[in-house]
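Tertiary structure, described
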Amino acid sequence: MKEPFLNSSSENLANRFTAIFGENVAFESPLAASGMGARVSGIDLSVPLRPAQVELLLDTLSHVRLLTIAGQDLDRFSLASFERFANHWGAPVAHPSNFLRGGKPAQQDGASDGAIEYVPYADRRVADADTVLPGKVACLAHESPAVLVATNLLGQDDRKEFRLKDGGTWHTDIEYEPLPIYVSMFLAHHVPVARDAPNGQWIEPPTNSAPAPYFPGSADELMALRKRLPLNGETAFADTAAAFAALPAKEQSKLEAVRVRRRLNAEDEGWLAPLVRVDPRSGIKSLHSPIWASRPGVRPPIGVDGMSPEESRVFLDGLEKHILRPEFRYDHMHAPGDVTIWNNYMSVHTSPPIKIGVKRPEDARLLYRLSCKGAPSPVLPRDDDPAWIAEHIASGYRSPEAIVGSAG
Ligand SMILES: [Fe+2]
């Protein structure tokens, strides 16, 4: 493996894991040539963590950008335990697909008023996933609006045959709000294990040569990098801390001065956000969502302060081409029971192409995602100011006492 771009001091972290979690904990890092990623096993997250343990996990992520805490026993580790764990990283955000605002789906437009109504699990579209492989694959019980289910068991229609669905576009989670998402995390429940496509993998590469889901007009080289996605259901990441560290110092200082204008809707004035972020724990600098249009057709493209729309596109396409270079890429293979946390300020990611219309458990992909905003909290419950919650957490969601316990 090549020398990582950033020193993640993995030996030091490994020693700290043994000291704080005990001798049975195994630590492996990095997981990618860029220096990204750590995998820890031997930690049972169904048991509440001590503050010193949380601090070590936070330190680790701040250095390595992506952290897997492997091997949770899904008979004991419930989605309520998962949400309690997430509260250490930030305030969990209710997913827009899980609530209505003023009687309309919250994701439909940028409206920010109207009464909030959480959708019960049974009324969510994802509940249909439980009917596809009855008795074999079903979601873990939950009602929380913060849990997003990512699965290929939907969109089945009446298809008799498998069908391939293209991967998503490269993005970070909720970069389009004034306070973006800090971390997101997956708990893996089922992952595709079939490898019987003609190429010996789960699926063949999709044959869609059209720009979609991207806007047309980017260079062929960039489009090829965007669409080079894993074929076994892995989540694809690019390490924007290593990508920044690899740039010449002069270029780095220029980028540190760049502000981008983000907006929720095309007609909004929006606000200026820094392109380069400094991690408050590790001091590592990284590019935050250096992508012109990461949600084509859903959110407007961003602009660089002082540049025309066309100049902004050319500049940001250049950065996207840089961060998607193979040396900064990492395709993360999920395993059932793994909790994988990533820092959205220090990486971009995308969903892989998947098979839908599946008829057997070996093809099922079922993951649960939680996303968190704001400052970490080694002790629970969090003490977020209600005014801060009202300003930054769509729907004003807070994890209930039943999940995080009561104060005092
Ligand atoms: Fe995402």
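Everything in this summary refers to the structure shown in the same document.

With that settled, the discussion passes to the sheet that holds strand E7 (residues 116-118). The three strands are arranged E6-E5-E7 in an open sheet whose pairing can be described as antiparallel. With one partner strand each, in any of the chains shown, strand E6 (104-105) and E7 form the two edges of the open sheet. In this sheet, E6 lies alongside strand E5 (residues 99-101) in antiparallel orientation, the contact comprising two bridges. Paired with Arg101 across the strands is Lys104, a residue of E6.

Among the five residues of strand E18 (residues 339-343), five are classified as buried, and the element is accordingly described as predominantly covered. Where burial is concerned, the two faces of E18 agree: the one with Val339, Ile341 and Asn343 and the one with Thr340 and Trp342 are both buried. In this sheet, E18 lies alongside strand E10 (residues 183-190) in antiparallel orientation, the contact comprising five bridges. Residue Ser184 lies in a different strand from E18, and its bridge partner there is Trp342.

Taking strand neighbours across the sheet as the criterion, the three strands line up as E17-E11-E19 in an open arrangement whose pairing is antiparallel. Of all strands in the sheet, those bounded by a partner on one side alone are strand E17 (329-332) and strand E19 (347-350). Taken pair by pair, the neighbouring strands of this sheet meet at an average axis angle of 25 degrees, ignoring direction. Relative to E19, strand E11 (residues 235-239) is paired through four bridges, and the arrangement is antiparallel. From the neighbouring strand, Ala236 faces E19, where its bridge partner is Thr350.

Residues Ala212 and Pro213 are joined by a peptide bond in cis, for which omega reads 5 degrees. Relative to the helices and strands, Pro213 is located in the loop between E10 and helix H4 (220-227). Pro381 follows Leu380 through a cis peptide bond whose omega is -5 degrees. As for its position among the elements, Pro381 is in the loop between strand E21 (366-373) and helix H8 (386-392). Backbone geometry places Ser289, a non-glycine residue, at a positive phi of 45 degrees. By secondary structure assignment, the location of Ser289 is in the loop between strand E15 (285-287) and strand E16 (303-304). A residue is classified by how much of its surface remains accessible, and Ser289, at 1% relative accessible area, is buried.

Rules of the game
Residues numbered from 1 in each chain as written. Predicted model: local features only at pLDDT ≥ 70, side-chain atom pairs only at ≥ 80, totals over all residues. Heavy atoms only, no water. Pairing = 2+ DSSP bridges. Helix = DSSP H or I, 4+ residues; strand = E, 2+ residues; numbered from the N terminus. Buried < 20%, exposed > 50% of the residue type's maximum accessible area, 1.4 Å probe, protein only. Axes fitted to C-alpha atoms, helices over the stretch in contact; angles between N-to-C directions.

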